[in-house]
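One letter stands for each residue in the lines below.
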Amino acid sequence: MLIPLTRETFDDLIPGIATGAQYAYYGGKIDKILKRVLISVAGIGLLTLTANALPDNWRPFLLIIGIIFGLYWLWGPIASASRENYQCRRYKYSGFWRGEVWDVFVTEEVVGTKETVSPRGELVILENRERRLNLEVGDETGFSTRVLVPLRKEHKAIAPGDMAEMVVMSNRPDLGRIAKVSDIYLPRIDFWISDYPYLRRDLFVEISQQMEDLNAPRPRRRKARREEFR
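As the structure is a computational prediction, the values presented were derived from the model and not from experiment.

## Overview of the packing of aromatic side chains
By the definition in use, this model includes nine aromatic pairs. Aromatic pair Trp-97 and Phe-143: ring centres 5.9 Å apart, planes at 75°, arrangement edge-to-face. Here Trp-97, found in strand β2 (residues 93-117), pairs with Phe-143, found in the loop between β3 (123-138) and β4 (144-150); they are 46 residues apart in sequence, far enough to count as distant. Look at Trp-97 and you get buried, because its relative accessible area is 1%. A relative accessible area of 22% places Phe-143 in the partly exposed class. Ring plane angle 85° and centroid distance 6.2 Å describe the contact between Tyr-185 and Phe-204, whose orientation is recorded as edge-to-face. Placement of Tyr-185 in strand β7 (residues 184-186) and of Phe-204 in helix α6 (residues 201-213) is noted, with a sequence separation of 19 residues between them. Considered together, Tyr-185 and Phe-204 belong to a single accessibility category, that of buried residues.

## Quick look at α6
Look at α6: 18 Å from first C-alpha to last across 13 residues, which is about the 18 Å you get at 1.5 Å a residue. Every buried residue belonging to α6 is among Leu-203, Phe-204, Ile-207, Ser-208 and Met-211, and all of these are buried. Projected down its long axis, α6 shows its buried positions confined to an angular sector of 145°, all on one face.

## A closer look at the packing of helix α2 (residues 20-27) against helix α5 (residues 72-89)
Put simply, α2 and α5 touch, their axes get as near as 8 Å, and they point 115° apart. Classed by the angle they form, the pair α2 and α5 counts as roughly perpendicular. Classified by chirality, the crossing of α5 by α2 is right-handed. Of the residues in α5, those touching α2 at Gln-22, Tyr-23, Tyr-26 and Gly-27 are Trp-73, Leu-74, Pro-77, Ile-78, Ser-80, Ala-81, Glu-84 and Asn-85. Tallied by class, the residues present in the contact of α2 with α5 amount to seven nonpolar, four polar and one charged.

## Side note on the pattern of salt bridges
In total, this model carries 10 salt bridges according to the counting rule given. In this structure, the salt-bridge partner of Asp-11 is Arg-7, at a minimum N-O distance of 3.1 Å. Here Arg-7 and Asp-11 lie together in helix α1 (residues 7-13), a separation of four residues that amounts to about one turn. The exposure class assigned to Asp-11 is partly exposed, which follows from its relative accessible area of 24%. A relative accessible area of 33% places Arg-7 in the partly exposed class.

What counts and how
Per chain, the residues get numbers from 1 upward, laid out in the order the sequence is written. Per-residue local features of the predicted model are confined to residues with pLDDT of at least 70, and side-chain atom pairs are confined, for both listing and counting, to 80 or more; whole-chain, interface and lining totals are unaffected and use all residues. Only hydrogens and water are set aside; all other atoms, that is, all heavy atoms of the structure, feed into the side-chain values. Classification of ring pairs uses Phe, Tyr and Trp, with its six-membered ring standing for Trp, and accepts pairs whose centres are within 6.5 Å; under 30 degrees between planes counts as stacked, over 60 as edge-to-face, and the remaining range as tilted. For the purposes of this entry, the term helix denotes a DSSP run of H or I that reaches at least four residues, the term strand denotes a run of E that reaches at least two, and both are numbered from the N terminus. Each residue is placed in one exposure class: buried if its accessible area under a 1.4 Å probe, protein chains only, is under 20% of its type's maximum, exposed if it is over 50%, and partly exposed if it falls in between. One fewer than the residue count of a helix, multiplied by 1.5 Å, yields its expected span. The directions from the helix axis to the C-beta atoms are what the arc is built from. Under this scheme, a helix contributes an axis fitted over its contacting stretch, all axes are lines through C-alpha atoms, and angles between N-to-C directions fall in the 0 to 180 degree range. Here roughly perpendicular refers to angles of 65 to 115 degrees, roughly parallel to angles under 35, roughly antiparallel to angles over 145, and oblique to all remaining angles. Helix crossings fall into two classes, left-handed where the near helix is turned counterclockwise from the far one by less than a right angle and right-handed where it is turned clockwise. Only heavy atoms matter for contacts: two residues are in contact if any of them lie within 4.5 Å across the pair. In this count, Pro and Cys sit with the nonpolar residues alongside Ala, Val, Leu, Ile, Met, Phe, Trp and Tyr, while Asp, Glu, Lys and Arg are called charged and the others, Gly among them, polar. Whenever a carboxyl oxygen of Asp or Glu lies within 4 Å of a side-chain nitrogen of Lys or Arg, that contact is scored as a salt bridge.

Next up, the structure:
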């Protein structure tokens, strides 16, 4: 099922300014916070040195820049999340999509590398691997997409055939070519599959319930093509 959304509804689902969940995503852990604080301190220090070499009439301008640098630790995540949201909002058309889970399986992905030297003096590249959930969803039209997210224990509850919902984006009025998809909502277990939380999830759930009231036919269950978990 694919139902077009109005631009107003889409803008409410993915606002231009970061939501609380999006801010928390980019806010990061203590190491990222400290990095932003160091950037703020370095920026203020550079401006202080610059101010001594400039005329007094530059002081108000430098003060404004100093405030911006000083608060970078606070507004940095807002800017990053807003930029991420823009990557969705630049699409002209969107729709509410409902299909089913086609496949769910686990893989190990390389998330980083580290160079080290062996006892014999040889350069060795170590790969940092993490287990990722692969979730493939699709519908009766043949459209399908796959997302990879860090594996969590809650993912064991996902089963092939589960109803899956999301927002799809396109530059075509008929949504004939999907360019981007949002986080995926699984109503049966009330769980979200995503890395970055694109949607205002409370509003999306309301829309999902409205669509359910239309008595849309539930997608038929489909046999998994891979093992779920081992």
